[in-house]
Amino acid sequence: MNYLKRYFLVLLLLFGLTAFLWAKQREMTISVILPYKSGPYNLALEGFKKFWAEQEVNIRLLEHNLAKEPMPELVFKEIEDKKTDIVLTIGSKATHFANKDIKNIPVVFSMILTPVTGTNITGVSLNIPSSIKINYLKKILPNAKRIGVLYSSKTEEKIKELSFACAKMKLQLIAEKVESAKDFPTHLKKISPQIDCFWMIPDSEIFSPQAVKHLLIESIRNKFPVMGLSYSYVKAGALFSLDGDYEDLGEQAGMLILRILSGEKVSRLPPEPPRKINLFLNQIVAEKIGIEIPAKVIQEATSVIKK
Amino acid sequence: MKLNITTKIVFIIFIVIFSFSGFLGWYFIRHERNALRVELDERIISLTNGLAYNSEYYVLTENKEELARLANKLTEEKDIVYVSIRNQEGSLLAEALKGKAGKEPDEKFTRKVLNYQPEYKGDEELILASPQQLRKKVIGHVSIGFSLASFKKKTLEVKKTILWLLVLTIILPTIIIVSLMNRWIIAPIKKLVLATKKVAQGDLDVTVSLRTKDEMGILADSFNEMVHQLQKSYQALQETRNNLETRATELSKAYEKLKETQTQLIQADKMSAIGTLAGGIAHDFNNLLFVILGNASLLKSDLPASEKSQHNLLDNIAISATYGSELTKNLLAFARREKYTLDIMDVNQVIKEIVNLLSHTVEKMISIETHLAPALATVKANAAQIHQAILNICINAKEAMARKGKLTIETKNITLDESYKNTHIDARPGEFVMILISDTGIGMDEKTLHHLFEPFFTTKETGKGTGLGLSVSYGIVKSFKGFINVYSEKNKGTCFKIYIPASKEKLKPKPAVKKQDLSLEGTETIMLVDDNLNILSMGKTFLERYGYRVILAANGEKAAEIYQQKKDAIDLVILDFIMPGWSGQETLEELKKIDPEIKVLIASGYSLDSQEKDLLQKGAKGFLLKPFSMQVLLETVKKILTKT
Ligand SMILES: Nc1ncnc2c1ncn2[C@@H]1O[C@H](COP(=O)(O)OP(=O)(O)OP(=O)(O)O)[C@@H](O)[C@H]1O
Ligand SMILES: [Mg+2]
């Protein structure tokens, strides 16, 4: 972390002045493409806008709400016509859309799980690195040794990475591959007695809302904690979750854009993980399962659900 | 069918309450039933919905174990008897029955089990919890069968409760309303009706007392007021009627009195007219008779004794004239042409004399009773006249009773007031002496009563009565300012009431007997024989005054009878010559037969020279010519008695 901060500071010192002077010279146009304007996407947009409001830079923001565009194909024509300098995409739909059609304009993505790589594209992903997650898990459940995970063929790759991270952190990963969504209860039943914590991975093949419900009910019944995918899972019955801060993600993307506009090469800017992480805890569930979360962790948490 | 007001009201109230309550009861039962049913249905539906929702994932994953657990759990719920869960193909995933298997559910609800599948465009949407679309898919069916037993039971209970309430709401208000009605309306009405009936029957003393101030009370008060008014006007009417009646009786009484007074006036008028006429005639007649008698006497004295037949004719003329003169005398008495000396006298004394006289002369079977007032007031009259008046009435009474009966004579002091005026035209208020003479004789009819006091009115056969007796009495009483009332009933008897004004003066002490000629006194017993009671009574009075004892006989037969018994005691017989029945001559002969030495004095109205001699020859000791003075009588009696 300290390293990261220092790095940013050096970058700012190096390019701040030139960027500032350049920005003063002419007005920049930023096009934002988002699938719809509500919830986390809107939060990210707000953070992005907030970032620019704090800069002494003359910019023009063009919003393209795909849900409101009658013909989304024409959006890029318009972006080109309006002489857009840079494009911000929010969410995977907008990102994949932009990555496919936009070639000459640099694209910065946000709110996507798996970073897209290319010469003229970079951004901020939602994905929190497994090592960070394991660190948190160890703090919350110091005695946890065996981590259970269910995956599908779609997420096989991720499991490999995760199992590597676990091994590194001296944790045993018990992973079961689920062939069909129907089989989820069977597999869950199979691993649940062996695990100290269930690790949810974002896999839409497995985690239908019904499956999540089943999982959370089973967790309470069989007393194993679940690490949820986000705060809403904690509210529904997961013990904790680690989320990127959506507003901060917007600001983070704004920072990237500022750097690109200041003259940095897109290809030299790799996609970034979320710089700010929110920890959510459910103490009611902890009590139900019979887990005592260390007081230090509770203090550190962004929000705790209590009785 | 006649219904009284209570029955009608009870009927109406019952009908109204019954129909209202009936309707309400029906409505409530229906409503409750529906509500219960809706409640049940809603419960079952929500349970079914819940089951469908909860079994979504297990149907999707065909988790029979979990499904069976859900199904069994549900059958523990009330009313639910059957639960089944099937997949989309229709094959049974779970089934549960409550209690004994085979119990068919009454009704069943089935729900689709829906699966909502989000369409994630990317796995990050799992984190952001923002699926763009939900895909809805039917994946199976759940059905819940339930029994209506408890619903029916509850409905029945509700019905029962409502029915009981109904019964209460019908009976209680009916009782309360009816009893209140009865108290407040019907009882007062009954009272009023009863009172009205009483009033209709004429009882006006009815009052209705209601202790309420409502319309009934007002009605009762008005009724009472009405009855009171009615009573008042009825009383007024009654009073008027009574007044009218008294007026009517007064009027009719007045009318009767008027009529009577009129009759009496007419009668009095008639009597006075007759009196004037009779008096006039009598006066003239008396003079004429005097002339006839005088001339007959002259003729007789001039006629030689040899002319025997002429003497006889003259005697007849003299007898008839004398007779006629007696009649005229009576007529004059009626007409009150005579003047008497008026003395203060005691009526009782007169009556005693009359009774004494009568006791010797009336039939033995006729009893005589007297009730004489001891302190009878005196009257101012002539004793001889009063004697005459009473005697005439007594004679009539005796004659009315033939052989048997009772004669009552009574005297009384009496005060007449105004009201007494009605009884007689001459009646006036004041103190009177009343002499009452009643007999138990044949009585009189209306016609006789009407003419009673008229001179010459008689019912007796010609020659027997003159019809002057009562007219004389009338004249005498009237001359003393008195009057006579008569009451008579045919075949029962007659009652005469003589009223003579009472005098305040006291009876004068009897004047000492005049220094009598002692030579005229005697102690011998004398029998007086005369059919005329007046003569008998007069003779007796005089003779007794001079010391003689007097025996009376009303006719010849009687005289003979008495003499037979007391011939030794009787010293002298004074014999009337002209008598009905035995004549003086016959009587004399009979007496002579008993005692040839008998001393008889003949009294005759005429101077019968030839007869006189004849009689004297036959044994008569003397002869008295009527009318004779008492002096002559006494002298003659003394002469005969001393002649031995
Ligand atoms: N007490 C009596 N009862 C019945 N009738 C009577 C009574 N007194 C009088 N009369 C009737 O009244 C009539 C008149 O009486 P009154 O004495 O005047 O005459 P008289 O008796 O007929 O005749 P006289 O008196 O001269 O003998 C009688 O004829 C008789 O009918
Ligand atoms: Mg007579």
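These remarks concern the structure in this document.

Cut-off values and rules
- Residues numbered from 1 in each chain as written.
- Chains lettered and ligands numbered in written order.
- Predicted model: local features only at pLDDT ≥ 70, side-chain atom pairs only at ≥ 80, totals over all residues.
- Heavy atoms only, no water.
- Pairing = 2+ DSSP bridges.
- Helix = DSSP H or I, 4+ residues; strand = E, 2+ residues; numbered from the N terminus.
- Axes fitted to C-alpha atoms, helices over the stretch in contact; angles between N-to-C directions.
- Contact = heavy atoms within 4.5 Å.
- Buried area = accessible area lost by both parts, 1.4 Å probe.
- Salt bridge = Lys/Arg side-chain N within 4 Å of Asp/Glu carboxyl O.
- Polar contact = N/O pair within 3.5 Å; in protein donor to acceptor, adjacent residues only side chain to side chain.
- Buried < 20%, exposed > 50% of the residue type's maximum accessible area, 1.4 Å probe, protein only.
- 1 Å grid on protein atoms, 1.4 Å probe; cavity = no way out; pocket = protein on both sides within 12 Å on 5 of 7 lines; lining within 4 Å.
- Points joined across faces, edges and corners; volume = space filled by probe spheres on them.
- Nonpolar A, V, L, I, M, F, W, Y, C, P; charged D, E, K, R; others polar.
- Domains from an automatic or database assignment.
- Near = heavy atom within 4 Å.
- Areas by Shrake-Rupley, 256 points an atom, 1.4 Å probe, with all protein chains shown as cover.
- Core = buried A, V, L, I, M, F, W, Y, C linked by side-chain atoms within 4.5 Å.
- Parallel < 35°, antiparallel > 145°, perpendicular 65-115°, else oblique.
- Left-handed = near helix turned anticlockwise from the far one by under 90°.

1. What about the sheet that holds strand β2 (residues 92-97) of chain B?
Residues and elements named next belong to chain B.
No. 1: Strand order in the open sheet made by the four strands is β2-β1-β4-β3, with antiparallel pairing throughout. A single partner strand is all that each edge strand has here, and the edge strands are β2 and β3 (107-118). Within the sheet, the average angular offset between the axes of one strand and its neighbour, ignoring direction, is 20°.
No. 2: Most of the contacts of helix α3 (residues 64-75) go to β2, to which it runs at about 25°, and overall it touches β1 (80-87), β2 and β4 (134-146).

2. Describing the interface of chain A and chain B
No. 1: Contacts between chain A and chain B engage 34 residues on the former and 25 residues on the latter.
No. 2: A buried area of about 2300 Å², summed over both sides, lies between chain A and chain B, and 54% of it is on carbon and sulfur atoms.
No. 3: Note that B:E66 is salt-bridged to A:R221, the shortest N-O span being 3.0 Å.
No. 4: Across the chain A-chain B interface, the total number found is six residue pairs in polar contact (both at pLDDT 80 or more).
No. 5: Secondary-structure elements contributing two or more residues to the side of chain A that touches chain B are α2 (39-54), α4 (92-101), β4 (107-112), α7 (184-191), α8 (209-222) and α9 (231-236) of chain A.
No. 6: A per-element tally of the side of chain A that touches chain B places α8(A) first, with six residues.

3. Overview of unusual backbone geometry
Residue and element names in this part refer to chain B.
No. 1: Not every positive phi belongs to a glycine, and F456 is a case in point at roughly 70°.
No. 2: With respect to the helices and strands, F456 occurs in the loop between α10 (446-451) and α11 (469-479).
No. 3: Phi is positive for N491, which is not a glycine, with a value near 65°.
No. 4: By relative accessible area, which is 64% here, N491 ends up exposed.

4. A few points about empty space enclosed by the protein
No. 1: Tallied over the full model, the rule gives five cavities of 30 Å³ or more.
No. 2: Taken as a whole, the largest cavity encloses approximately 110 Å³ of empty space.
No. 3: If you trace the largest cavity, you find 14 residues lining it, with A:L126, A:K133, A:L229, A:L242 and B:I127 closest to the centre.
No. 4: Among the residues making up the lining of the largest cavity, the classes are represented as nine nonpolar, three polar and two charged.
No. 5: When we break the lining of the largest cavity down by domain, the ones giving at least three residues each are domain 1 (2-126 + 246-276) and domain 2 (130-243 + 278-305) of chain A.
No. 6: Lining the second largest cavity are 13 residues, and of these B:L528, B:D530, B:I535, B:I574 and B:F628 sit closest to its centre.
No. 7: The residue inventory of the lining of the second largest cavity, partitioned by class, reads nine nonpolar, one polar and three charged.

5. Points about the site of ligand 1
Residue and element names in this part refer to chain B.
No. 1: Not every one of the 19 residues close to ligand 1 is listed here, only the nearest: N396, T458, T459, K460 and T466.
No. 2: In the model, an oxygen atom of ligand 1 is placed 2.4 Å from a nitrogen or oxygen of the T459 side chain.
No. 3: Between ligand 1 and K460, the relevant distance is 2.5 Å, taken from an oxygen atom to a side-chain nitrogen or oxygen of the residue.
No. 4: Coverage of ligand 1 by the protein chains reaches 91% of its 590 Å² of free accessible surface.
No. 5: When residues of the shell around ligand 1 are assigned to their parent elements, the largest contribution, four residues, is made by helix α9 (residues 383-400).
No. 6: Here the shell around ligand 1 is composed, by residue class, of seven nonpolar, nine polar and three charged.

6. Quick word on the environment of B:A502
Residue and element names in this part refer to chain B.
No. 1: Assignment of secondary structure puts A502 in strand β11 (residues 493-503).
No. 2: For A502, a relative accessible area of 25% translates into the label partly exposed.
No. 3: Measuring from C-alpha to C-alpha, the distance between A502 and N413 comes to 8.0 Å, with 89 residues separating the pair along the chain.
No. 4: Leaving out residues up to four positions away in the same chain, A502 has contacts with A377, T378, V379, E431, F432 and V433.

7. Here we look at the nonpolar core
No. 1: Judged by nonpolar contacts, the single largest core of 88 residues is most densely connected at A:W52 and A:F198.
No. 2: Looking at this core, the element that brings in the most residues is helix α10 (residues 246-261) of chain A, giving nine residues.
No. 3: Discounting residues that sit within four places of it in the chain, A:F198 has contacts with A:G148, A:V149, A:L150, A:L188, A:I191, A:F207, A:L215, A:F224, A:P225, A:V226 and A:M227.
No. 4: Counting 72 residues, the second largest nonpolar core, distinct from the first, contains B:V350, B:M401, B:F480 and B:L624.

8. Quick look at the pattern of salt bridges
Pairs may arise between side chains of opposite charge once their charged atoms sit close together.
Residues and elements named next belong to chain A.
No. 1: Counting across every chain of the model gives 33 salt bridges over all chains.
No. 2: Close ionic contact of E27 with R60 constitutes a salt bridge, the shortest N to O distance being 3.8 Å. Of the two residues, E27 is situated in the loop between α1 (2-25) and β1 (28-34) and R60 in strand β2 (residues 59-65); the sequence distance between them amounts to 33 residues.
No. 3: Residue R60 is classed as partly exposed on the basis of its relative accessible area, which comes to 32%.

9. A few points about the packing of helix α1 (residues 5-54) of chain B against helix α5 (residues 149-200) of chain B
Residues and elements named next belong to chain B.
No. 1: In the contact formed by α1 and α5, the axes pass within 8 Å of each other and the chain directions differ by 160°. In this view, α1 runs roughly antiparallel relative to α5, as classed from their interaxial angle. For the pair α1 and α5, the sense of crossing is right-handed.
No. 2: Of the residues that constitute the contact of α1 with α5, the class distribution is 22 nonpolar, eight polar and six charged.

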